[in-house]
Structures are given as structure tokens and as C-alpha cells.
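Observations on chain architecture
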Protein chains: 2
Amino acid sequence: MICDGDRRWSYRDFDAWTNRIAHGLSALGLEKGDALALMSGNRAEFLAVYFACARLGLVCVPVNLLWRQGELSHVLKDSRARAAVVEAGLLAQFCAGLEDPAQLLGIVVIDGQAATAPDGIGDLPVLAFDALAAGQSSDIPDIAIEDRAPLSYLYTSGTTSAPKGVIGTHLAIYLESLGTAIDTCMTENDRLSVVLPLFHTAQLNALCTPAIAAGASMVIQRGFDATALHEAIENERISVLFALPMMIQQLVERQLAHRRNVSSLRLTVYAMAPMPEAELRRAIETFGCDFSLMFGQTEMSPVSTFFKPEHQLSHPGAVGTPAVNVQVAIMAPGGELLPTGATGEIVYRSPQTMAGYLHNPEATADAFCHGWFHSGDAGHFDADGILWFEDRFKDVIKTGGENVSSIEVELAVRAAYPDVLEVAAIGLPHQRWGEAITAVVVTQDGRSIDADTLLSAVRERLSPFKCPKAVIHVSELPKTATGKIEKAKLRRTYAAYYQ
Amino acid sequence: MICDGDRRWSYRDFDAWTNRIAHGLSALGLEKGDALALMSGNRAEFLAVYFACARLGLVCVPVNLLWRQGELSHVLKDSRARAAVVEAGLLAQFCAGLEDPAQLLGIVVIDGQAATAPDGIGDLPVLAFDALAAGQSSDIPDIAIEDRAPLSYLYTSGTTSAPKGVIGTHLAIYLESLGTAIDTCMTENDRLSVVLPLFHTAQLNALCTPAIAAGASMVIQRGFDATALHEAIENERISVLFALPMMIQQLVERQLAHRRNVSSLRLTVYAMAPMPEAELRRAIETFGCDFSLMFGQTEMSPVSTFFKPEHQLSHPGAVGTPAVNVQVAIMAPGGELLPTGATGEIVYRSPQTMAGYLHNPEATADAFCHGWFHSGDAGHFDADGILWFEDRFKDVIKTGGENVSSIEVELAVRAAYPDVLEVAAIGLPHQRWGEAITAVVVTQDGRSIDADTLLSAVRERLSPFKCPKAVIHVSELPKTATGKIEKAKLRRTYAAYYQ
């Protein structure tokens, strides 16, 4: 069942609706291979359009709602989108980014009257979403689609270049859905929370497609709201929660302040970064369910490793073991695979890898150099076969002739000083050290910080050469649209700190 | 972990062993695309050779140990096997079926000294299995294999023609392993019993490959022995049991006579045919675990539907809902898909279907006519979306102008008369009825049977026109090597019964 507020669909009904939408898109003139931009907040229509694309062989191009106008323009041009489905409230924003209305056959507006087209798009047809599907057949379109035909172009927010379109194939995303259903033990009886943005692969492919593969229900919320999600866990009997560590922290606070029945929860999946051990233990105690870190990237469709509940506490700070379908290895710069314990680039072989970057054969060739997909992350396997993420590969801090993993510093800072909410460890130019390790921190509620106390607590946890030389207290860290800390920007901002 | 008696392998060790075997097979001169005959009882080497084939791109041809010599000869010729791995105890039987020793590069003998080659195979090299892998590399062979490259030719024991080689592809079998892992909720914590023959797809692909996909352990036994299996459930803490209904019945008897700790069981999967409701209820009560019928055929790699535990008792006698990866429909002879409730041929669309029958384009084209794979089974979907198997498509009994599903008669006979162990309902030529429904039965321990009592009990359960006109009591039903009742043979034997 798919639940979106008071609207509920059985999968049978959802399937029929999806087919009607597909026939409606076909009637617009869209054909197999055409790209369709999809700009919407979380709602059932998002998923229905995604699967309608799959059935027609269209390529879905989800628009990140945090993109600036230039990024949106780039994506619409680069993807050669032939039509768009846009929420009424986002229509003006969409049209502002649409430089060439003539590239589109039409815009379908969700929740709008669509009677009056916005200015500046000429005579481009604008159609109401409900009118699109009305009167169409509920039968599956009779279109043969090849295994490796593209299902989506998901644009990654690069920190150094314009977003690149990751070509996701039917085969890759289908296999990912089955593999992650196994990794999460998803069943028909599960009920998954959908609060992270559907335009992001982490929500869309990492969790929603596995739920569909297993027949689990989904409870869609517009976005993260701790109160609403906390209520939904009780009222909708959520069994699988998917959230970021920061959200989990807020839910824990709420549950401690105002206890609800959360006994339906069996698994919380969190993404992006390991949770500090103390925080994880508190969350496990508070919710009484398993916790698993899911780690990956858009190019992997996206799950590459899965941190099993039983390893979370025995190997705190690691990122887990290879996901179903994925081989993980550690590679030296020359292409040689490295043994247990050695640090190198984390590389993957998997039927889940992207087909390539759109219109970018050079970047694609680089990404698959030596026959493996290059994550750009540095890490190592320990003797138990568990993967440790160390840093973005080019982000290792080189200090006094030693390589220091910035994540190790970050984990130590968080563990040492409970008031630290977020931290980025970066290397800044320094006459003596080459790069001086520097901790840029945000504190809980902006509390003041005693740098000496913090640093001496860190020194108890780390070898001296790994300790930060200074602490910079900021109110906010610069981040990309998908929440990655922009370390390059931090390095530029504080380049002269030790000069 | 893979357990075979006292021998135990972690998957890491098993993986390394498999690679050494693969390199050994490669050293024999085998190359991608070559077929390898595998003739062995259940043992870890069987699985290791199967996966070694997968890594080299060889095509594994498991030999059914119940084949007669002519069938073995046909399969060795038809598959163009280039080498064989054979258990020492089966070597004479293998060589008797090998008409042209020159087709092979060599024979590898499991558990044998292999010093002296058997007579009649000329100077064909014979090698001990342990020598094959000795000194070989544990690294995975560096061989690229296409998605749809064949992994196996599994020969189906036709009742009307020579066995046909079903071409199973890497993609089909891989997807089946993931799909069935989801359907059975298999996890790393599971321990699967392996007592059905590994040469049969039901054990090999339906259950063993999903166990590997999920990282579950396997406990291999040589074959079904109720005492040994009953003991193993307790001693090896089996959590997923895979057996035929007849075996389950024996296990229930044993457990009632001699109670063991079977609390580790969470799921019993049974194959081939629905269990009568009373038997199923008794088994559920005795073992306190879920029961699921798995239904399929070699051409589907093999699982096509899965009878979920929650439907077993609400829809007794049905066969379940479509498995993950599989679309199921009901087709009229002209290719039209039929609505809910209508009886027709059960057809499948799935990435799990075979690539075709080896050297048999006509049979392949027939099997995929109208774009769906034709099961040869008749059935219908009920309003709950649950599939009911009615009969082999051409096996429906036509009596007095009505079509009667023989399975319906069989279920009624079993339910009506507890002493009936097995029953085949067939139509025999009859002046008045065209075909007269006739029940051929085997009783528990050969007990005598009162035909009138049986028939009047059946009449309480079935419409009059569906009731058997007579009961034939036999000590044994004729069966194919894989346990299918040979109804055609029964019909021939009793053709003159009503004349």
C-alpha cells in the first residue's frame, strides 16, 4: 500500500494508475528514450511518474529542489528533457530555469488548474496532471525495454564542476531493489517511512524500490518534520525508518520528552555517515530496534555497503560489509588491489553501477579505470572483512609527512566534546606542518566552546600527529544541495588562517 | 557456512576453494562455453563445481542419478559435454552411458584414487578431484561472462519425448536467487537443509542459490532420511527446511513419536503439490513454523509462484501468488489473456525464464508463443489474486461434456479418506462418459480400502459429475525420475478398464 496523507493506494490500484499516467505521457508525444524532468516534493505522484517512465522507456530526470537556477538550466539542457511534470507551487521556479521552452512538448502540472500558462514559455502546452491520466487505459503499455536502457539521469552535485548526469539503467536499479530488500530483510509486512526527498537516489532507489520489490507499504511525508514523523511512527505503525543521523537525534529527543508507542519499529536505516557510538547506543535504547548504516553513491544506484546491526556496536565508526550484488575492493593508484588493512581508494564491481555520465565519455572512462568503479573515497578493510571509510580520496590531510584521515579526526572531536553538533576536519596551509589539521565545528544551539578543553580531550583519543592544531567555531558549515560538507570551500575560506 | 557432515567451510574458504577448482578445470583445457557433466550425490563438491563452472563460463550439466543408461547417453551427446566430474561410486554407471569417450577432455573423480581408469574409455585422462584443485590459485578467474551466457543445461524428464536441455542463463538464475531470497525472507542467520537432490533445480536453484545470495548456511545431507534429518533439525539448528509433502509427513510422524527440539525452524518450504489441509494443519501444529508451497518448473529457474504462509490456510489447495520477478497470467489457446476466475493455461513473463531448449528452436518457439512462457499447466486466479493450479493443461478429464480438473478430484479423495497416501485421477475411455474419472490410489502401509465408503465420502465433497466412477487400488504409482506421476502410462495400463 502507498499512503500519502489521507490518500491510499493498494499496489494493484497504484499499478493501474501508473499505467494510465504512462499512456497519458505517451499521448503527449513522448517516446522511448525521451527524457522527462520531474520537479516535485514528496507525494505519491512522484513515484507514479517515475514508474510510468519505466514502463514507457522514458528517462526520468528528478529535479533537486535545492538547485539554483543555473543548475536547473544546465540539467534541463544537458538531459535534453522533452517534457516536464511539475508541482503547481514550483512552476514559476521551473519556468525561470527553462531557457528554451521549445525543447519541451509540454508541461504537466500537479495540483494545478493549468488553465493559465506562466509567462515566458510562449505557446508551450500546459496540462493538468489529472487530465493527463483521465480516460487512459489501465493496461501496461506494450513496449519492450532493454535491460540496460536508461531509467534515470540523476545529477550529482559536484563540488568542482557542473552537475553530471548519472545514467541509471533498468537492470542496475532493478537489481539494487532486490539486493537492498535482502539486506534490509524487507517484507510485505513492512511499512517504510518516506521523508527524505524522493528526488534523491537515497530515498528513491535505496529504499522505495526495495519496498516495492518486497511489497512493503510506504508512508510518504512531505519532508522531515520531527513531530509529524514521530506521530506517524505510532499512527502508521512504521516498521522501517529511513533518516539522516541528525533527524534520528531529533526523534530521540522527542521520544525522551514525549513517549509514543514506537514498538512497530524493527529497523532504522540511516545514510551518509556513521553515527557516533554514544549517539547510536542512545538511539538503540530509546527505540529498541536495529540500526543500520547504508553507504553508497548515486553511481552505484546507490547502495554499496550495508552496516549490519550486529556490526554497528562491535565496530563503531566503520561503514559495513558489501551489499548484495556488490564487490568492494581497495585499490592503489596504479590499479593494484590492496590487501586487508591497507588504505587505498574504495572501488566497486557490480551490476548496480551506472552506465556512465551523460555526454561525458572522459569522466566515465576515469570512473571505470582499471575495470572497477572508482568511488573517490579512501578506506580499508579490517581483519573482520568490515570496510572503514577514511576520507574523500583527495581529502586526506597530509601533515608533517603523515597521511591523516579526516573522518578519524572528526569522530574523535565529536566523541570528545558532546556539545559539538557537526565538525569538518580539514588541512590548511602551514609553514611547519605542510597542512595543519583544523577542526571547523558547529555546536549544539550555538553554545560557546572552550578550544583548549576540546583539544586536550581529543588528545586522549588520537595520536598526537592526528590532533587538530586549532578549532574554528562557526554557526553553519557550507553544504551542497544534497548535504555534503563543502570542504573545498572551507579550505578556500580559511586558507590564510595560519599565515 | 557450508556444512557437509563434519566438513565445514566459511563462505570465504568456500569461495577460495571454488576458484581453485575453476583454475583446475581451466588447466584441463576447458574454455568458456564448454559443457561439463556433473554426476554426484549431494555433497559440498557438487556446489563447488557448479560455482566453478559459473566463474569460468562453463555450462554445468547435472546428471539425474535416476536416469536410465539411454537417457544419460542422450544427455552427454546432446549437451556436447567436454569433461565430467563424477563420484567414484558412480563412475562405472557414467562410463556405461558414455558412448563416445573421445568427446571428453577428461573425467575428474570425486573421492577416488583415479589411478586406474575404468575399462572401455580408451586413454581418456582420469584425474582425482583433490589433484584438480591442488596448487591452483585462489583468485577469481579473470573471465568476462555475458548476462545471458548459459550457466546450465538442466534436462527435463519428458514423459513423451527424450529429455530436453533447458538453457539456464547467469542472469535468470542470479535473479531467481535474489527473488526467492526475498520471498523466503532468507538472511545470514538462516540454516537451510539440503536433502533433495542437488542435481534437481528445485534444490539447486530454488533454495541453494538464494541461501548463498543472503549468506545463509547450508547443511547438506546425502539424501532424505527421516531419522537423520530429524536429528539435524535439532543438532544443526535448521531454520529453513525444504522437503516434499511425503517427507514432511514422515517427519511429523517421527516428531510425534520422539519429540526433539525443533524450535529453530521458522519456515518449511515444500514443493511440487499443495498439501491437503488437514495434513498441513497437523504439520504446522507439530513444528510450530510457517509453511510455504513453492511452485515452478525448470524452465522458470524454477520458482514461479510462492504460497505465502498467510494464504496457506485461508486458501487451501491453491498454489499461491506470483514470485518476485515473475508475472503470471492465464491465457486462452488463441493467446488472449483471460480475466479473474477464468481457466486457461498458466503463462509467465519473467527475466527468470530459460533462454530456450538446447538445439530445439521449434520447442523453444512453441514454449514462448504469444510472448509468454507456456507452463503447460491449467489454472485460474481467484478474486483474491491467488493462483489455483488445476491440471496439466492437456490432462483435464473430459467427462459427460464437462471439463474436470483432476487435481480437484485428487484433493477430494485424499481429504475423504485418510488412509490414501497417493492418488492419481485420470480419465479412462468409457462408452457413456467419454472419459470416466477414475482414482488410482496407493494406501498407507498398503492397507485395504473400501471403495464404496471412499466414494460416498468423496461425493460429500464434490459435484456428482466430478466424482470418480471407480477406484483402482495399486501398491505403487509409476513416476518419472523427478517424481512426477506418469499419468499417460496409467491411462495406457487401464485403457480397457471400462470396456
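Because the structure is a prediction, the values reported are computed rather than measured.

**Topic: the overall build of chain A**
- Scanning chain A from N- to C-terminus turns up 15 helices and 26 strands.
- Over its C-alpha trace chain A gives a radius of gyration of 23 Å, about what one expects of a compact globule, namely 23 Å for 499 residues.
- Projected onto the principal axes, the alpha-carbon positions of chain A cover approximately 70 × 50 × 45 Å.
- Taken over 499 residues, chain A has a buried fraction of 58%.
- In chain A, the proportion of contacts linking residues at least 24 apart, taken out of those at least 6 apart, comes to 65%.
- By element, 50% of the accessible surface of chain A is carried by carbon and sulfur atoms, the whole surface being about 20,000 Å².
- With 40 positive and 57 negative side-chain charges, chain A shows a spacing of 3 Å between the two charge centroids.

**Observations regarding the interface of chain B and chain A**
- Every contact between the two is made by 24 residues of chain B and, on the other side, 24 residues of chain A.
- Carbon and sulfur atoms make up 55% of the surface buried where chain B meets chain A, a total of about 1,700 Å² over both sides.
- At the boundary of chain B with chain A, the tally comes to four salt bridges.
- The closest approach of N and O atoms between R148(B) and D147(A), which form a salt bridge, is 2.5 Å.

**Examining the nonpolar core**
- I21(A), L25(A), I21(B) and L25(B) are the most contacted members of the largest nonpolar core, which has 213 residues in total.
- Apart from residues lying up to four places away in sequence, L25(B) is in contact with L30(B), L36(B), A52(B), L56(B), L58(B), V85(B) and L132(B).

**Looking at helix α1 (residues 11-27) of chain A**
All names here are of chain A.
- Between its terminal C-alpha atoms α1 stretches 24 Å, which fits the 24 Å expected from 17 residues at 1.5 Å a residue.
- Buried residues of α1: F14, A16, W17, T18, N19, I21, A22, G24 and L25, and no others.
- Looking at the buried side of α1, the elements it contacts are β1 (2-4), β2 (7-9), β3 (35-39), α2 (44-56), β5 (81-87) and α5 (129-133).
- Taken from the residues just after α1, G29 is the one with a positive phi, measuring 110°.

**A short note on the relation of the copies chain B and chain A**
- Turning chain B through 180° and shifting it by 0.0 Å along the axis lays it on chain A, with an RMSD of 0.1 Å. One copy is carried onto the other by what is essentially a two-fold rotation axis.

**Section: helix α9 (residues 245-257) of chain A**
- Counted at 1.5 Å a residue, the expected span for α9(A) with its 13 residues is 18 Å, and the 18 Å between its end C-alpha atoms agrees.
- If you check which residues of α9(A) are buried, you get P245(A), M247(A), I248(A), Q249(A), L251(A), V252(A) and Q255(A).

**Focus on the domain arrangement of chain A**
- Domain boundaries in chain A define domain 1 (2-145), domain 2 (171-391) and domain 3 (395-494).
- Put simply, the middle of domain 1 of chain A and the middle of domain 3 of chain A, counted by C-alpha atoms, are 43 Å apart.

**Some thoughts on the packing of aromatic side chains**
Residue and element names in this part refer to chain A.
- Under the definition given, this model contains 20 aromatic pairs over all chains.
- Pairing W17 with F129 gives two aromatic rings, centres 6.3 Å apart and planes at 80°, and the pair type is edge-to-face. With W17 in helix α1 and F129 in helix α5, the pair connects residues that are 112 residues apart, well separated along the chain. One exposure class covers both W17 and F129, and it is buried.
- Within the aromatic cluster, the residues linked to one another by ring pairs are W9, F14, W17 and F129.
- Its guanidinium or amino end placed over the ring of Y357, K164 lies 4.8 Å from that ring's centre, counting from NZ or CZ.

**Notes on the packing of helix α6 (residues 170-183) of chain A against helix α6 (residues 170-183) of chain B**
- Relative to each other, α6(A) and α6(B) sit at 35°, their axes nearing to 8 Å. Considering only the axes of α6(A) and α6(B), their crossing is left-handed. Contact residues: L171(A), Y174(A), L175(A), L178(A), A181(A) and I182(A) in α6(A); L171(B), Y174(B), L175(B), L178(B), A181(B) and I182(B) in α6(B).
- In terms of residue class, the contact of α6(A) with α6(B) is built from 12 nonpolar, no polar and no charged.

**Remarks on the environment of L421(A)**
All names here are of chain A.
- Note on placement: L421 falls in strand β24 (residues 420-430).
- Distance from L421 to D445, taken between C-alpha atoms, is 8.7 Å for residues 24 residues apart in sequence.
- Among all residues touching L421, those that are not within four sequence positions of it are Q249, R414, V442, T443 and Q444.

**Re the packing of α1(A) against α2(A)**
All names here are of chain A.
- Between α1 and α2, whose axes approach to 8 Å, the crossing angle comes to 65°. The handedness of the crossing between α1 and α2 comes out as right-handed. Only A44, E45, L47, A48, V49, F51, A52, R55 and L56 of α2 make contact with α1, whose side of the interface consists of F14, D15, W17, T18, N19, I21, A22, L25 and S26.
- Residues of the contact of α1 with α2, tallied by class, amount to 12 nonpolar, three polar and three charged.

**Considering the side chain of R260(A)**
Residues and elements named next belong to chain A.
- You can see R260 is positioned in the loop between α9 and β13 (267-271).
- The exposure class assigned to R260 is buried, which follows from its relative accessible area of 19%.
- Here E234 takes part through its side chain, which lies 2.9 Å from a polar atom of the side chain of R260.
- Ignoring sequence-local partners within four residues, the contact set of R260 consists of H230, E231, E234 and Q255.

**Looking at the pattern of salt bridges**
- For the structure on display, the rule yields 49 salt bridges over all chains.
- The shortest N-O distance in the salt bridge between K487(A) and E410(A) comes to 2.7 Å. Taken as a pair, K487(A) in helix α15 (residues 487-493) and E410(A) in helix α13 (residues 406-416) lie far apart in primary sequence, 77 residues in all.
- According to the relative accessible area criterion, K487(A) is buried, its value standing at 11%.
- Of the charged contacts, one joins R7(B) and D4(B) as a salt bridge, the two residues approaching to 2.9 Å between their closest N and O atoms.
- Shared partners join several salt bridges into a network, and the residues in it are D4(A), R7(A), R43(A), E45(A), E87(A), D111(A) and R222(A).

What counts, and where the lines are drawn
Residues numbered from 1 in each chain as written. Chains lettered and ligands numbered in written order. Predicted model: local features only at pLDDT ≥ 70, side-chain atom pairs only at ≥ 80, totals over all residues. Heavy atoms only, no water. Helix = DSSP H or I, 4+ residues; strand = E, 2+ residues; numbered from the N terminus. Rg over C-alpha atoms; globule rule 2.2 N^0.38 Å. Buried < 20%, exposed > 50% of the residue type's maximum accessible area, 1.4 Å probe, protein only. Contact = heavy atoms within 4.5 Å. Areas by Shrake-Rupley, 256 points an atom, 1.4 Å probe, with all protein chains shown as cover. Lys, Arg positive; Asp, Glu negative; His and termini not counted. Charge placed at Lys NZ, Arg CZ, Asp CG, Glu CD. Buried area = accessible area lost by both parts, 1.4 Å probe. Salt bridge = Lys/Arg side-chain N within 4 Å of Asp/Glu carboxyl O. Core = buried A, V, L, I, M, F, W, Y, C linked by side-chain atoms within 4.5 Å. Expected span 1.5 Å × (residues − 1). Least-squares fit on C-alpha atoms with pLDDT ≥ 70 in both. Domains from an automatic or database assignment. Phe/Tyr/Trp six-rings, centres within 6.5 Å; stacked < 30°, edge-to-face > 60°. Lys NZ or Arg CZ within 6 Å of the ring centre and 35° of its normal. Axes fitted to C-alpha atoms, helices over the stretch in contact; angles between N-to-C directions. Left-handed = near helix turned anticlockwise from the far one by under 90°. Nonpolar A, V, L, I, M, F, W, Y, C, P; charged D, E, K, R; others polar. Polar contact = N/O pair within 3.5 Å; in protein donor to acceptor, adjacent residues only side chain to side chain.

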